[in-house]
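One letter stands for each residue in the lines below.
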Amino acid sequence: ETWLNCNIPNSFLDFQGLYELVRCDRQITVGGGVCVAIKKSLRSCTVSIDATDLELVAVDIFGCNFKFRVVNVYRPPYYNETARSSALILCDELSRLSSVKWPCFTVGDFNCPNICWAKCSAPNDGIQDIVLRFINENNFMQLVNDPTRNSNILDLVQCNQPLLVCDLDVQCPIGNSDHCAVQFSIVHETDEPCVAPQNQ
């Protein structure tokens, strides 16, 4: 959750210009929003989002020998009828975004404190059970096992090829955030320089 808005330029986040920033700012109320920062040494492509009124961004990051899709999500901590409808739309969109042949990661604050990841169970509230069903039906594994806010696991790292993830660590919050930071590495083949085909 970034709390960014149109009055905060990218240069405020990246004053050295080292990253490509893909943002989805909340347009009306304060708070919310997500952002992905990609080193300019990597190649990337922003993936279009079909559903409106969702706080998420999706990018493909690739080299000659690897390609990943990263989807960053923020789901506000509401549990009313509007939130239930939004959860269905969110999970439908995540299913669409993850239906690619290359590995997909969905990360972010899903605000689902009552999912028991050890038992793979959730309350039937039309939100947390919907999120858990998305994860199971799309062959994702949720990899964060330690609390990220108070005693709750709110910030998730999900991957449909979990053996690619290593060194996942829940760390101290960054700045004045009330959530812990989650850091992990992705294993992939060493990239080789791309050689353009020669004209015959």
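All figures in this text were calculated on a predicted structure; none of them were measured in a lab.

Draft legend 1. Looking closely at the side chain of aspartate 14. Position of aspartate 14 among the secondary structure elements: in the loop between helix 1 (10-13) and strand 1 (19-24). The charged side chain of aspartate 14 is buried without a salt bridge, its nearest counter-charge being lysine 40 at 5.5 Å. Polar contacts involving the side chain of aspartate 14 include one to the main-chain amide nitrogen of leucine 18, which spans 2.9 Å.

Draft legend 2. Seen up close, the packing of aromatic side chains. Tallied over the full model, the rule gives four aromatic pairs. Cluster of aromatic residues (ring-pair linked, three or more members): Phe66, Phe68, Phe105 and Phe184. Across the ring face of tryptophan 102, the terminal group of lysine 67 is positioned such that the distance to the ring centre comes to 3.8 Å. Taking NZ or CZ as reference, arginine 75 lies 5.1 Å from the ring centre of tyrosine 79, over its face.

Draft legend 3. Inspection of the pattern of salt bridges at higher detail. This model, assessed by the stated rule, comprises seven salt bridges. One salt bridge in this structure joins glutamate 93 and arginine 96, with 2.8 Å as the shortest N-O distance. Of this pair, glutamate 93 and arginine 96 both sit in helix 2 (residues 81-97), three residues apart, which is roughly one turn of the helix. Overlapping salt bridges bring together Asp50, Glu93 and Arg96 as one network.

Draft legend 4. View of the environment of leucine 156. Its place among the elements puts leucine 156 in strand 8 (residues 155-159). Residue leucine 156 is classed as buried on the basis of its relative accessible area of 3%. For leucine 156, the residues in contact, after removing those within four places along its chain, are Thr106, Val107, Gly108, Phe110, Trp117, Gln142 and Val144.

Draft legend 5. The packing of helix 2 against helix 3 (residues 128-137), seen in detail. Their axes nearest at 9 Å, the elements helix 2 and helix 3 cross at an angle of 10°. In terms of axis orientation, helix 2 runs roughly parallel to helix 3. Judged by residue contacts, Ala87, Leu88, Cys91, Leu94 and Ser95 of helix 2 engage Ile130, Val131, Arg133 and Phe134 from helix 3. Its residues assigned to classes, the contact of helix 2 with helix 3 comprises seven nonpolar, one polar and one charged.

Parameters and conventions
- Residues numbered from 1 in each chain as written.
- Predicted model: local features only at pLDDT ≥ 70, side-chain atom pairs only at ≥ 80, totals over all residues.
- Heavy atoms only, no water.
- Helix = DSSP H or I, 4+ residues; strand = E, 2+ residues; numbered from the N terminus.
- Buried < 20%, exposed > 50% of the residue type's maximum accessible area, 1.4 Å probe, protein only.
- Lys, Arg positive; Asp, Glu negative; His and termini not counted.
- Salt bridge = Lys/Arg side-chain N within 4 Å of Asp/Glu carboxyl O.
- Polar contact = N/O pair within 3.5 Å; in protein donor to acceptor, adjacent residues only side chain to side chain.
- Phe/Tyr/Trp six-rings, centres within 6.5 Å; stacked < 30°, edge-to-face > 60°.
- Lys NZ or Arg CZ within 6 Å of the ring centre and 35° of its normal.
- Contact = heavy atoms within 4.5 Å.
- Axes fitted to C-alpha atoms, helices over the stretch in contact; angles between N-to-C directions.
- Parallel < 35°, antiparallel > 145°, perpendicular 65-115°, else oblique.
- Nonpolar A, V, L, I, M, F, W, Y, C, P; charged D, E, K, R; others polar.

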